[in-house]
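Secondary and tertiary structure notes
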Number of protein chains: 2
Amino acid sequence: MTIKAAVFDAYGTLYDIQSVAAVTEDAFPGYGDIITQIWRVKQLEYSWLRSLMRRYEDFSVITRESLAYTIRVLGLQHDATVFERIMDKYLHLDLYPDARAALAALKDKKLAILSNGSSDMLNALAKNSGLDRVLEAVISVDSKKIFKPAPDAYTLIEARLSVTPDEVLFVSSNPWDACGAKAFGLNVAWIERVTPEAMALACVKSDVVPPLTMFKALRTQMDELGITPDHRIHALSELPNLIA
Amino acid sequence: MTIKAAVFDAYGTLYDIQSVAAVTEDAFPGYGDIITQIWRVKQLEYSWLRSLMRRYEDFSVITRESLAYTIRVLGLQHDATVFERIMDKYLHLDLYPDARAALAALKDKKLAILSNGSSDMLNALAKNSGLDRVLEAVISVDSKKIFKPAPDAYTLIEARLSVTPDEVLFVSSNPWDACGAKAFGLNVAWIERVTPEAMALACVKSDVVPPLTMFKALRTQMDELGITPDHRIHALSELPNLIA
């Protein structure tokens, strides 16, 4: 089957969510990196928990609530200005260095984002990074009122791009997302970003693994969910060869 | 409304899941504690992810898969005997010290467990700890093929105990479970166990927070899910006064 569309996860796949660390470090010196790690863990948890509880709120609400949690558990104080400055960075995340070139090389395919982000968040992100000019669609799960990896979320690709699941290559660095997309029936490329943290985790004893290493490493390893993505790549730059 | 039944979460509420650490430390010296922490994080994630993906497998499968993940990401080697010895400890978890007395003091109420555990796991746990003699029911979510905090899971209380949600006090130390039960409509007591880790997290800078402190602390703090349990207590021993 020919691949007609390449559809990308946004957070952690095209956009580097760790790029908020500069802003969080500026707001809370000494805590920048750990805030981004706890924030991400809780952002994901809340998206799954609210989906299961049937208490959906859009991703901007969840992102705010998980940031509030993070600041609270670290015992930090904040004012509204600082909070909004951090939140604003989520609309201006850095692209991964190879994102723009990979998308350009795939320009004969339909290109889109399918993300848990709200429409407002995603449209701002695409505009601020210039990806709005190369993407045919920026699809938010919001219209389904449930988050990935629920199957309903992935149905939006066919609805919006008029391609069947077997004509789609879905690309995500998030193991749970890659598994969810594969379980749904898409072709899936999982990006295993081999970070220094992932390497370190396997080499050192637990009493010397720094907490940030631990948190970061846990997001880079394929999960045990009984599902294997079709492709395992290490960078977006490998995509053009994969579906040429 | 009079409380007619007290229904308890099992893992982390009546039973101390950290009590597996002695076995994991024996199997993997230096890693005992960190294994229990990663294992628990992934066990929870997989229960939510499989529920959302509609790829339910019972909790014994999820517990095995999350242990396999943990051993893999830490770069450890294991044989089948070691793996089974660790898994077996999950059927022989220690009760929290105040569990037995609290249940005894509530003996005029219907007493039950509602847990994500499989029936086999829970029945073994209740028998091995002697709680089978004081509990009217040990209820597994397994018959619903979805895990807490999905509303369907909590419907089993009324079905099994013939009490309406407002006649139930549900007790859990897991913030997501307390929120799920409250969202469903039960009366909820959340047990905030004030651990040394939780205290430490709020007092020290990120560069000196040990990884285990971080992991443990994140499980003891109330989540930001837009829901507040009815009661916040610090030990099971507070329950009799709560519903006297």
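What comes next is a walk through the structure. All of these numbers come straight from a predicted model, not from anything done at the bench. (Residues numbered from 1 in each chain as written. Chains lettered and ligands numbered in written order. Predicted model: local features only at pLDDT ≥ 70, side-chain atom pairs only at ≥ 80, totals over all residues. Heavy atoms only, no water.)

**Structural notes on the sheet that holds strand β6 (residues 168-172) of chain B**
All names here are of chain B. Note the following rule: At least two bridges found by DSSP between two strands are what make those strands a pair. Under the scheme used here, helices are H or I runs from DSSP no shorter than 4 residues and strands are E runs no shorter than 2 residues, and both carry numbers assigned from the N terminus. A fitted line through C-alpha atoms represents every axis, and for helices the fit uses only the stretch in contact; the resulting angles, taken between N-to-C directions, go from 0 to 180 degrees.
An order of β5-β4-β1-β6-β7-β8 is seen for the six strands of this open sheet, with the pairing classed as parallel. Each edge of the sheet is formed by a strand with only one pairing partner; in this case those strands are β5 (137-140) and β8 (231-233). Between one strand and the next, the sheet's axes are offset by a mean angle of 25°, whatever the strand orientation. Sheet topology note: the strand β4 (residues 110-115)/β5 ladder contains four bridges and is parallel. Among the inter-strand pairings, Ile113 is bridged to a residue of β5, identified as Val138.

**A few points about the nonpolar core**
Operational definition: In this description, a nonpolar core means a group of buried Ala, Val, Leu, Ile, Met, Phe, Trp, Tyr and Cys residues linked to one another through side-chain atoms lying within 4.5 Å. Only protein chains enter the area calculation, which uses a 1.4 Å probe; residues under 20% of their type maximum are buried, those over 50% are exposed, and those in between are partly exposed. Whether two residues touch is decided by their heavy atoms; if any such pair falls within 4.5 Å, the residues are in contact.
Core analysis: the largest hydrophobic core is formed by 181 residues, its most contacted members being Phe8(A), Tyr11(A), Leu236(A), Phe8(B), Tyr11(B) and Leu236(B). If sequence neighbours within four positions are ignored, Phe8(B) has contacts with Leu14(B), Leu103(B), Leu106(B), Leu111(B), Ala112(B), Ile113(B), Leu114(B), Phe170(B), Val171(B), Leu236(B) and Leu239(B).

**Thoughts on the packing of helix α2 (residues 32-53) of chain A against helix α3 (residues 59-73) of chain A**
Residues and elements named next belong to chain A. Put simply, the rule reads: To sort the angles, those under 35 degrees are grouped as roughly parallel, those over 145 as roughly antiparallel, those from 65 to 115 as roughly perpendicular, and the leftovers as oblique. Two helices that cross are described as forming a left-handed crossing if the nearer one is turned anticlockwise from the farther one by less than a right angle, and a right-handed crossing if clockwise. Gly counts as polar in this scheme, as do all residues outside two lists: the nonpolar Ala, Val, Leu, Ile, Met, Phe, Trp, Tyr, Cys and Pro, and the charged Asp, Glu, Lys and Arg.
Running from N to C, α2 and α3 cross one another at 130°; their axes reach a closest spacing of 8 Å. It follows that α2 is oblique to α3 by the angle criterion. Like other packed secondary-structure pairs, α2 and α3 cross with a definite hand, here right-handed. Residues Ile35, Ile38, Trp39, Lys42, Gln43, Tyr46, Ser47 and Arg50 of α2 lie in contact with α3, whose contacting residues are Phe59, Ile62, Thr63, Glu65, Ser66, Leu67, Tyr69 and Thr70. Classifying every residue of the contact of α2 with α3 by side-chain character gives eight nonpolar, five polar and three charged.

**Some remarks on the pattern of salt bridges**
We apply this condition: We count a salt bridge whenever a side-chain nitrogen from Lys or Arg sits within 4 Å of a carboxyl oxygen from Asp or Glu.
As enumerated under the stated definition, the model contains 28 salt bridges over all chains in all. For Glu224(A), the salt bridge identified is with Arg72(B), shortest N-O distance 3.2 Å. On the criterion of chain membership, the pair formed by Glu224(A) in the loop between α10 (211-218) and β8 (231-233) and Arg72(B) in helix α3 (residues 59-73) is interchain, its members lying in two chains. Here Lys89(B) ties to Asp94(B) by a salt bridge, and the two come within 3.4 Å at their closest N and O atoms. With relative accessibility at 39%, the residue Asp94(B) sits in the partly exposed group.

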